[in-house]
Structures are given as structure tokens and as C-alpha cells.
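# Fold and contact review
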Amino acid sequence: MAKHGKFQTLLEYAAARIVISVVGALPIRQSIRLGQLFGLVAYRLAGELRRTGEINLKLAFPEKTPEQRRELLKGCFESLGRVLGLFSHFGDPMESIMSVVEPVALERLQAAKKGRGVIFCTAHLGAWELTSFAVAHLGYPMSVIVRPIDNPRIEQVVDGYRTKTGNTTLDKFSAGRSMLKILRKGEFLGLLFDLNALDDEAIFVDFFGVPASTNFLTAKLALRTNVPIIAVFSPWDKTREKFLLDVTEPIEVEHSGDEEADVRKLTTRLTLLVEEQIKRHPDQWLWVHKRWKTRPPGEPSIY
């Protein structure tokens, strides 16, 4: 992690607190709308992020026109703004927060009550922080693997929100053994796995038809502990003006006796699941992330 000087830490913290306070001072629905406006302003100002998003969208949707892809990218920034609006209210009473949440297929969470561990996974789509936050509020608290924010004071604020409903956060850089113990004790683990992964923890599987360096940890943990995977996504529904809490069917692991092949098969299946969700809500995924940054040996950089 990058080191922060004291002044920089305080300056960033003050700026974050001001933004959250200003946005969060409004009723929650108005905060979400204001966040969207902030997102559109950011779209105009964030040239480098726009460039990354344009490259990604051209890879994922080559059949779309530049104008169509531009609208999707603009929607991505609006989505991030909506998440800011929602996040600014994470300190509110839960009734207020849940007033803009619509659970879908919640009965599928009953699979988590069979006395064994469960891996909950999600992607950077819609309000991804809401997935573990709301699932814990509904009675399924979990240990969530996170990458700590470089600024320790902002990290403290964010961690307070993440743990408000009963979750525990674990630093991804030191959580290896803890994850196995959590699952073997019959507890719940929350993971994100849709971003570019480093070589030592990744395999290449197709994402929108382009090989992408993908974290295999979710699949390996599920196979070694024989626990199901439940994916939960939280896209914004424009018609209902709510964030959905969309719970997928539990994925049971299958063993062939070849762990490497099983890990690849399950990682590919999870990647396709994320891809399907993105295709349903193409303006709500994190297109400004360099998803295809790590390339197979010999391939040139995409960015």
C-alpha cells in the first residue's frame, strides 16, 4: 500500500467527510439523485478513467456503436454516484436504508442454514457494498475479505459502515488461513473476485471472450471445504427506483479428482455468472477498472 503523509491523510479524510456529510444531509432518495449528478460531473473530469472505460467497453461490446458505448460509460459514472449517495446513509437507521432495497429470491439464502459454511460472492456491479451489508442485516453475518484503503482514517470510517450490521472484515493480505477456518467452522465468508488478479493467485479465463487474469481463490476454497457458493448482486432498478438484492441459486461444487481442472471449471462458471449479470445491467459495472491489465505471456498491454 502507498504511504500517506499526515497532512495528505488529513486532507483526504476531510474531503471525504465533507462529501459524505453534504450528500448524506439529504433524504436518502435525494442523496442518490445528487450522487448521480456528481457521477456525471466526474465523467466530464476523469479523462484517464474515461479512456480505460472506453477500451474496456470496446473489448466487451465490439458490436455496439461508439455512441452506445459512450452512454454505457456515462451510466457507469452515474452508478458510482448512486453508490456514493447510498453509502452516505450507511450510518442511518436500517429501516431508512432498506426502504431503497428490494430483495429478490431471498428464500435462496435458506441454503445457508444447513449447518455448513457458505461463500457469498459478488462483483463490482451496482451497490456492491450493499450486498454483504444487507445480507448481514437479514440474518447472515459474514467475514468479508477487503483490501484496506490506503488512507487509514478513511479506512476507519468505511470499516465502521461495513461492520455495522454484524460483519467482520479481514485484510486480504493476511487472511489466507483464516478463510479456511471460517468455512470449516460452518461460518460465512464474503468475497469479490471480478477484478484483475496478480499472477500468483490467478488463472486466465475468458471474460467477454477475452482472456482475463482471474482470481481462483473462491473456487479453490469452495472445493477444499465442500461448501456452496451463493452470488448476491445489487443493481439499481430504474423502474422501482431501488437497489435489488438479487440472490442466485446456490452453486454446489463438483469433484472430478483433478483439483486443477475443477478450479478452472468453477472459476469459469463464476466468471460467466458475473458476465451474465453485467449484460443485464451493462451501465452499472466498474468499467473504469483495468480488468485486462495482466496479459498472458507474450501478449502486449491492452492499456
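This structure is a prediction, so every number in the text was calculated from the model and none was measured. (Residues numbered from 1 in each chain as written. Predicted model: local features only at pLDDT ≥ 70, side-chain atom pairs only at ≥ 80, totals over all residues. Heavy atoms only, no water.)

### A few points about the overall build of the protein
This is how the line gets drawn: Numbering of helices and strands runs from the N terminus, with a helix taken as a DSSP run of H or I at least four residues long and a strand as a DSSP run of E at least two residues long. Within these notes, the globule rule equals 2.2 Å times the number of residues to the 0.38 power, and the radius of gyration is based on C-alpha atoms. Accessibility here uses a 1.4 Å probe with only protein chains present; expressed as a share of the type maximum, an area under 20% marks a residue as buried, one over 50% as exposed, and anything in between as partly exposed. Contacts were defined at the residue level, with two residues in contact if any of their heavy atoms lie within 4.5 Å. Accessible areas in this description were obtained via Shrake-Rupley with a 1.4 Å probe; residue shielding takes into account the shown protein chains only. Counted as positive: Lys and Arg. Counted as negative: Asp and Glu, with His and the chain ends omitted from the count. Working definition for charges: the position is that of NZ of Lys, CZ of Arg, CG of Asp or CD of Glu.
If you tally the helices and strands in the protein, you get 10 helices and 10 strands. Relative to the compact-globule value of 19 Å for 303 residues, the protein shows a C-alpha radius of gyration of 19 Å, a close match. By its C-alpha atoms, the protein is 55 × 45 × 45 Å across when sized along the principal axes. Burial statistics for the protein: of 303 residues in total, 51% are counted as buried. Within the protein, contacts between residues at least 6 apart in sequence are counted, and of these 76% link residues at least 24 apart. Entry remark: accessible area of the protein is about 14700 Å², with carbon and sulfur atoms responsible for 55%. Separation of charge centres in the protein, based on 41 positive and 36 negative side chains, amounts to 3 Å.

### Brief notes about the nonpolar core
For clarity, the threshold we go by: As used in this record, nonpolar core signifies buried Ala, Val, Leu, Ile, Met, Phe, Trp, Tyr and Cys residues forming a set joined through side-chain atoms within 4.5 Å.
If you look at the biggest cluster of nonpolar residues, it comprises 52 residues, and the most contacted ones within it are Leu266 and Trp287. Of the residues forming this core, the biggest block, six residues, is contributed by helix H10 (residues 259–280). Ranked by size, the runner-up nonpolar core spans 35 residues in total, among them Phe120, Tyr140, Phe188 and Leu245.

### Considering helix H8 (residues 176–184)
Using the following cut-off: Working definition: the arc comes from the directions between the helix axis and the C-beta atoms, pointing outward to the latter.
Within H8, burial applies to Met179, Ile182 and Leu183. Buried residues of H8, viewed axially, fall in a sector of 90 degrees; they line one side. Away from the buried face of H8 by more than 90 degrees, exposed residues Arg177, Lys181 and Arg184 are located. Buried residues along H8 sit in contact with strand S2 (118–122), strand S3 (143–146), strand S4 (168–171), strand S5 (188–192) and helix H9 (217–225). One or two steps after H8, the chain reaches Gly186, where phi turns positive at roughly 85 degrees.

### Thoughts on the pairing of strand S8 (residues 229–233)
What counts here: Criterion used throughout: strands pair if DSSP finds at least two bridges between them.
For S8, the tally of buried residues reaches five of five residues, placing the bulk of the element in the interior. Two elements, S2 and S8, share three bridges in a ladder whose sense is parallel. From the neighbouring strand, Phe120 faces S8, where its bridge partner is Ile230. Looking at chain direction, S8 and strand S10 (residues 242–247) are connected through two bridges and run antiparallel. Bridge pairing links Phe233 to Asp246 in S10.

### Description of the side chain of Thr218
Inspection of the secondary structure assignment puts Thr218 in helix H9. If we ignore the near neighbours within four places in the chain, the residues touching Thr218 are Ile119, Leu191, Phe193, Ile229 and Leu270.

### Here we look at helix H3 (residues 47–60)
This is how it is decided: Under the convention used throughout, the expected extent of a helix is 1.5 Å for every residue step, that is, one less than its residue count.
The first and last C-alpha atoms of H3 sit 20 Å apart over 14 residues, in line with the 20 Å expected at 1.5 Å per residue. For H3, the set of buried residues is Thr52, Gly53, Asn56, Leu57 and Ala60. Projection of H3 onto a plane perpendicular to its axis shows the buried side chains occupying an angular sector of 130 degrees, all on one side. The inward-facing, buried residues of H3 contact helix H4 (66–87).

### What to know about the environment of Gly91
Mapped onto the elements, Gly91 comes out in the loop between H4 and helix H5 (94–98). On the accessibility criterion, Gly91 (52% relative accessible area) is exposed. Note: C-alpha distance between Gly91 and Ala212 (121 residues apart in sequence) is 36 Å. Apart from the residues lying within four places of it in its own chain, the contact partners of Gly91 are Tyr161 and Lys164.

### A look at the packing of aromatic side chains
We describe a pair of aromatic rings using the distance from one ring centre to the other and the angle between the two ring planes. Just so we agree on the cut-off: For this analysis, a ring pair means two rings from Phe, Tyr or Trp (six-membered ring only for Trp) whose centres lie within 6.5 Å, classed as stacked if their planes differ by under 30 degrees, edge-to-face if by over 60, and tilted for the remaining angles.
The final tally for this structure, using the stated rule, is 15 aromatic pairs. The interplanar angle of 85 degrees and the centroid separation of 5.0 Å between the aromatic rings of Phe87 and Tyr161 together place this pair among those described as edge-to-face. Pair noted here: Phe87 is in helix H4 and Tyr161 is in helix H7 (residues 152–162), with a separation of 74 residues, a long-range link. Accessibility classification places Phe87 together with Tyr161 in one group, the buried group.

### Some details on the packing of helix H2 (residues 28–45) against H4
Just so we agree on the cut-off: Angular values range over 0 to 180 degrees, each being the angle between N-to-C directions of two axes fitted as lines to C-alpha atoms, with helices fitted over their stretch in contact. For classification purposes, an angle smaller than 35 degrees is called roughly parallel, one larger than 145 roughly antiparallel, one from 65 to 115 roughly perpendicular, and anything else oblique. A clockwise turn of the near helix away from the far one marks a right-handed crossing, whereas an anticlockwise turn of less than a right angle marks a left-handed crossing. Gly is put with the polar residues, along with every residue not named as nonpolar or charged; the nonpolar set is Ala, Val, Leu, Ile, Met, Phe, Trp, Tyr, Cys and Pro, and the charged set is Asp, Glu, Lys and Arg.
In contact at an axis separation of 6 Å, H2 and H4 are set at 135 degrees when each is read in the N-to-C sense. When the axis of H2 is compared with that of H4, the two are oblique. In terms of crossing hand, the pair formed by H2 and H4 is right-handed. Mapping the contact onto sequence places Ile28, Ser31, Ile32, Gly35, Gln36, Phe38, Gly39, Leu40, Ala42, Tyr43 and Arg44 in H2 and Arg70, Leu73, Lys74, Phe77, Glu78, Gly81, Arg82, Leu84, Gly85 and Leu86 in H4. Along the lines of polarity and charge, the residues of the contact of H2 with H4 split into 10 nonpolar, six polar and five charged.

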